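# Breakdown of the fold
Next come the chains, spelled out residue by residue.
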Number of protein chains: 2
Amino acid sequence: MEYETPLFFHVMAYAAEADRDVVDMVSGNPDWEPPEALRQGLREYADFDADRFQYPPSEGIRELRAEIAARRGVDVERVVVTNGAGEANYLAMARALERDAGSEVILTDPVYSYYPGKATMLGGTPRYVSAGTDGQLDPADVRALASDETAAIVVNTPNNPTGAVYPESTVRELVAIAEAHDAILVADEVYDHYDLSGTFSSALSVDSDHRIVTNAFSKSLAITGFRVGYGIFPPHLVEDAKSRHMLVNVAGSRPAQYAVLCALRETEPSYYEANRELLRERVDSFTDALDRAGAAYTRPDGAFYVLARFDGYPGTLENVERLIDEAGVAGMPGAAFGETCEPWLRFALVTPRAEEAADRLAAYFA
Amino acid sequence: MEYETPLFFHVMAYAAEADRDVVDMVSGNPDWEPPEALRQGLREYADFDADRFQYPPSEGIRELRAEIAARRGVDVERVVVTNGAGEANYLAMARALERDAGSEVILTDPVYSYYPGKATMLGGTPRYVSAGTDGQLDPADVRALASDETAAIVVNTPNNPTGAVYPESTVRELVAIAEAHDAILVADEVYDHYDLSGTFSSALSVDSDHRIVTNAFSKSLAITGFRVGYGIFPPHLVEDAKSRHMLVNVAGSRPAQYAVLCALRETEPSYYEANRELLRERVDSFTDALDRAGAAYTRPDGAFYVLARFDGYPGTLENVERLIDEAGVAGMPGAAFGETCEPWLRFALVTPRAEEAADRLAAYFA
């Protein structure tokens, strides 16, 4: 196989087929309710005239792009609505790599598993800068690796899998490094609504033609299956991004876009705050149990994940499967996120049974 | 710009901004009703538990893939549900081109506008075989152009823009040519439900590891905006197709997939037949008016389109805009479909005002 298929699907299938009850902490699917206005949007859509079942504008329905542009403080012409953050990152890396300005893509280690595959598929060569399991990136390390061969620097903040939230100074430095080497900073901010620390800083806060910001409503509205995301491109890259989007997908799915628009318009800040609060509580109870298990772990400042390391139990696929069979808890092998994470396991806190899982881990490793 | 953006959007925008009433015959959006079961599927989905708002399987929800596999008589493992036929064609061409088995993509002239852009984006070199404006392909011409440099032969039957439906002998020959040169026949059959002639033959009728069949529900269920399509891949290519799909889009939009599943299960054959009959009537009345206008034209055996040529009025973009302003009818410039079509205009018969448009054309050119 020429692309590396993420391990997620393998592990989820293994957990689903296990002979016992398993708490699934594999994938980053929110387990909380989407906003009621989203459901209502789908109901309204079902009764629309037939013409609204036809192609939306390729770059997304106008009202949704306008809503995104207003919230992010950018010109609407720079917004391309995509099939989730997945497509937005693909379009962003394609733009960075197709400028005849280098073929290297700087990624972090730990890394979100899809980035290396996307970079390679697009003809890029991944280069890794170590962030450690706390996920904080030292801009000096990025600067040392950057060169005129650098096409893109791809980061994710709040970070999957480490939970790191980059301070404003790091974001500013990353933009400066991209500018110094005619590279593009691709900042995937899909977890921006799950900044648990209050320290999140969007790359949009630094004005530059050398950065693309990607995002989606998959996590913030608890609808990973709807596939509505977006990219915000510099003016000189947006037309080519739209063209590739059109040539690959023609357009995104219109009922999903309409439902998201309704949800954005009508959902109160308290919806997002309640979900953050739920996550904070889960972080506390899960890490308390990890303490009891004598594990090392990361305490996330944002996103959904905890990295944990158990003595003598490296996070191999074999050990992940053993943990499913023997402890009834499914996590992800650390190796899926790069070399640094090999001894670690990643647990996604998006299950109402996170505390139960933690108790099982504490008992198993005690 | 490095990709050629299809002209559709430019022409549609021009028509929308015109100072007068314009009959829009630009794009292939059905103007008839989607099945009621599709609307009902969206309503049901709106009330599902939150877990069904999360990621579907990357290759599509299982029941939908099973329904497609049963209808097409193929193993379900070969079916990848895509974001419309657009993505299915993109995945198919990528597979053909990434086998180290040539970099040329044989296309027809006239050609569906997106194919050359997709081929080029994927590093392929388009080569054209002339099909004439009647759209019928002489397999001997394809054979003459094919070589070991041929990665793919991409065809569309029933054909946009010519309305040609390839006979079974042509389909069989195309598969044989692909096999002889280790190429992949990509057969886009998105208009299969609009075979007005009863002569359509799917490439699936010829068993081979050298063909990929693409399709979508955009036209058959009148939902171009939902973006649900599929590719049927040979066993040795399907895993890489799934991987690219995952790396680009992660998955398709789940509410749209569920609504399509409901529509497939509950829609009677009479729905499809009524839409074909409507098209047949429009073909008759539109071509009658073209006779009165003294135009040359193609009478489609399938799909939605009529190519027409008016004396002294070649199908340039300039003339398309003039026709919008002076006659109140918007068509597509022939040049969008390749050299052969340059003198021609394409009119999509997917408006209840097709007859009115024809009368306007007859009056304008009389």
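Look above for the structure.
To start, this report covers the structure provided alongside it.

## Let's talk about the sheet that holds strand β3 (residues 104-109) of chain A
Residue and element names in this part refer to chain A.
- Strand order in the open sheet formed by seven strands is β2-β8-β7-β6-β5-β3-β4, with mixed pairing between adjacent strands. Strands at the two margins of the open sheet, each flanked by one partner only, are β2 (79-82) and β4 (125-130). Taken over all neighbouring pairs, the strand axes of this sheet differ in orientation by 25° on average, direction set aside.
- The pairing of strand β7 (residues 211-216) with strand β8 (residues 229-232) spans four bridges and is classified as antiparallel. Looking at β8, one finds that Thr214 is bridged to Gly231.
- The strands that helix α8 (residues 235-249) touches are β2, β6 (184-188) and β7; relative to β2, the one it contacts most, it runs at about 20°.

## A look at helix α4 (residues 84-97) of chain A
- Between its first and last C-alpha, α4 of chain A extends 20 Å over 14 residues, near the 20 Å set by a 1.5 Å rise per residue.
- Most of α4 of chain A sits inside the fold, with 14 of its 14 residues counted as buried.

## Some thoughts on the relation of the copies chain A and chain B
- Between the two copies, chain A and chain B, the superposition gives an RMSD of 0.0 Å; the rotation angle is 180° and the shift along the axis is 0.0 Å. When the rotation and shift are considered jointly, the pair of chain copies conforms to a two-fold rotation axis. Proximity to the rotation axis, assessed at the C-alpha, singles out Arg43 of chain A in chain A; its C-alpha lies 2.7 Å from the axis.
- Comparing interface residues between copies, 100% of those in chain A also sit at the interface in chain B, which points to an isologous, same-surface contact.

## Regarding the sheet that holds strand β8 (residues 229-232) of chain B
All names here are of chain B.
- Sheet architecture is open: seven strands sit in the order β2-β8-β7-β6-β5-β3-β4, paired in mixed fashion. With one partner strand each, in any of the chains shown, β2 (79-82) and β4 (125-130) form the two edges of the open sheet. Averaged over all pairs of adjacent strands, the angle between strand axes in this sheet comes to 25°, irrespective of strand direction.
- Along the sheet, helix α4 (residues 84-97) makes contact with β2, β3 (104-109), β5 (150-156), β6 (184-188), β7 (211-216) and β8, crossing β7 at roughly 165°.
- Contacting β5, β6 and β7, helix α7 (residues 168-180) runs over the sheet at an angle of about 145° to β6.

## A look at the interface of chain A and chain B
- At the interface, 59 residues of chain A touch 59 residues of chain B.
- Note on chain A versus chain B: buried area summed over both sides is about 5200 Å², and carbon and sulfur give 56% of it.
- At the boundary of chain A and chain B, one finds two salt bridges.
- Note that Asp47 of chain A and Arg43 of chain B form a salt bridge whose closest N and O atoms lie 2.8 Å from each other.
- The tally of links from chain A across to chain B stands at 37 residue pairs in polar contact (both at pLDDT 80 or more).
- Listed by contribution, the elements that provide at least two residues to the side of chain A that touches chain B are α2 (36-46), α4, α5 (114-121), α8 and α9 (254-266) of chain A.
- In terms of residue class, the side of chain A that touches chain B is made up of 29 nonpolar, 14 polar and 16 charged.

## Observations regarding the packing of α8 of chain A against helix α5 (residues 114-121) of chain B
- Two elements in contact, α8 of chain A and α5 of chain B, have axes whose closest approach is 10 Å; the angle formed by their N-to-C orientations is 110°. Classified by the interaxial angle, the pair formed by α8 of chain A and α5 of chain B is roughly perpendicular. Contact residues: α8 of chain A offers Arg244, Met246, Leu247 and Val248 of chain A, while α5 of chain B offers Tyr114, Gly117, Lys118 and Met121 of chain B.
- Here the contact of α8 of chain A with α5 of chain B is built from residues that sort into five nonpolar, one polar and two charged.

## Looking at the pattern of salt bridges
- This structure, assessed with the given rule, holds 60 salt bridges over all chains.
- Residue Glu59 of chain B is joined to Arg65 of chain B by a salt bridge in which the shortest nitrogen-to-oxygen separation is 3.6 Å.
- Put simply, Arg276 of chain B and Glu273 of chain B hold a salt bridge, and the shortest N to O gap is 2.9 Å. Of this pair, Arg276 of chain B and Glu273 of chain B both sit in helix α10 (residues 269-292), separated by three residues, roughly a single helical turn.
- By relative accessible area, which is 33% here, Glu273 of chain B ends up partly exposed.
- Connected through salt bridges with shared partners, the residues Glu59, Arg62, Arg65, Glu77, Glu239 and Lys242 of chain A form a single ionic network.

## Section: unusual backbone geometry
All names here are of chain A.
- A cis amide bond, omega 5°, links Asp109 with the succeeding residue Pro110.
- Examined against the element boundaries, Pro110 turns out to sit in the loop between β3 and α5.
- Following Asn160, the chain continues into Pro161 via a peptide bond in cis, with omega recorded as 15°.
- Tracing the sequence through the fold places Pro161 in the loop between β5 (150-156) and α7 (168-180).
- Although it is not a glycine, Asp100 sits at a positive phi angle of roughly 55°.

## Quick notes on the packing of α8 of chain A against α4 of chain B
- Relative to each other, α8 of chain A and α4 of chain B sit at 90°, their axes nearing to 6 Å. Taken together, α8 of chain A and α4 of chain B sit at an angle that is classed as roughly perpendicular. Side by side, α8 of chain A and α4 of chain B meet where Leu247, Val248 and Asn249 of chain A of the first sit next to Gly86, Glu87 and Tyr90 of chain B of the second.
- Of the residues assigned to the contact of α8 of chain A with α4 of chain B, the class counts are three nonpolar, two polar and one charged.

## Examining the side chain of Thr133 of chain A
Residue and element names in this part refer to chain A.
- Mapping Thr133 onto the fold places it in the loop between β4 and α6 (139-145).
- For Thr133, a relative accessible area of 17% gives the class buried.
- Excluding anything up to four places from it in sequence, Thr133 contacts Pro110, Thr162, Thr298, Leu307, Thr340, Cys341 and Trp344.

## So, the packing of aromatic side chains
- Counted by the stated rule, this structure contains 42 aromatic pairs over all chains.
- A centroid spacing of 3.9 Å and a plane angle of 10° characterise the contact between Phe310 of chain A and Phe365 of chain A, whose relative ring orientation is stacked. One end of the pair, Phe310 of chain A, is in the loop between β10 (305-309) and α11 (317-327); the other, Phe365 of chain A, is in helix α12 (residues 354-365), with 55 residues separating them in the sequence. A single burial state applies to Phe310 of chain A and to Phe365 of chain A, both of which are buried.
- Geometrically, the ring pair formed by Trp32 of chain B and Tyr194 of chain B is tilted, given 5.7 Å between the ring centres and 50° between the ring planes. With Trp32 of chain B in the loop between β1 (23-24) and α2 (36-46) and Tyr194 of chain B in the loop between β6 and β7, this pair connects stretches of sequence that are 162 residues apart. The two residues Trp32 of chain B and Tyr194 of chain B agree in class, both being buried.
- Connected via pairs of aromatic rings, a cluster forms that spans Trp32, Tyr191, Tyr194, Phe304 and Tyr305 of chain A.

Each value, and the rule that gives it
Residues numbered from 1 in each chain as written. Chains lettered and ligands numbered in written order. Predicted model: local features only at pLDDT ≥ 70, side-chain atom pairs only at ≥ 80, totals over all residues. Heavy atoms only, no water. Pairing = 2+ DSSP bridges. Helix = DSSP H or I, 4+ residues; strand = E, 2+ residues; numbered from the N terminus. Axes fitted to C-alpha atoms, helices over the stretch in contact; angles between N-to-C directions. Contact = heavy atoms within 4.5 Å. Expected span 1.5 Å × (residues − 1). Buried < 20%, exposed > 50% of the residue type's maximum accessible area, 1.4 Å probe, protein only. Least-squares fit on C-alpha atoms with pLDDT ≥ 70 in both. Buried area = accessible area lost by both parts, 1.4 Å probe. Salt bridge = Lys/Arg side-chain N within 4 Å of Asp/Glu carboxyl O. Polar contact = N/O pair within 3.5 Å; in protein donor to acceptor, adjacent residues only side chain to side chain. Nonpolar A, V, L, I, M, F, W, Y, C, P; charged D, E, K, R; others polar. Parallel < 35°, antiparallel > 145°, perpendicular 65-115°, else oblique. Phe/Tyr/Trp six-rings, centres within 6.5 Å; stacked < 30°, edge-to-face > 60°.

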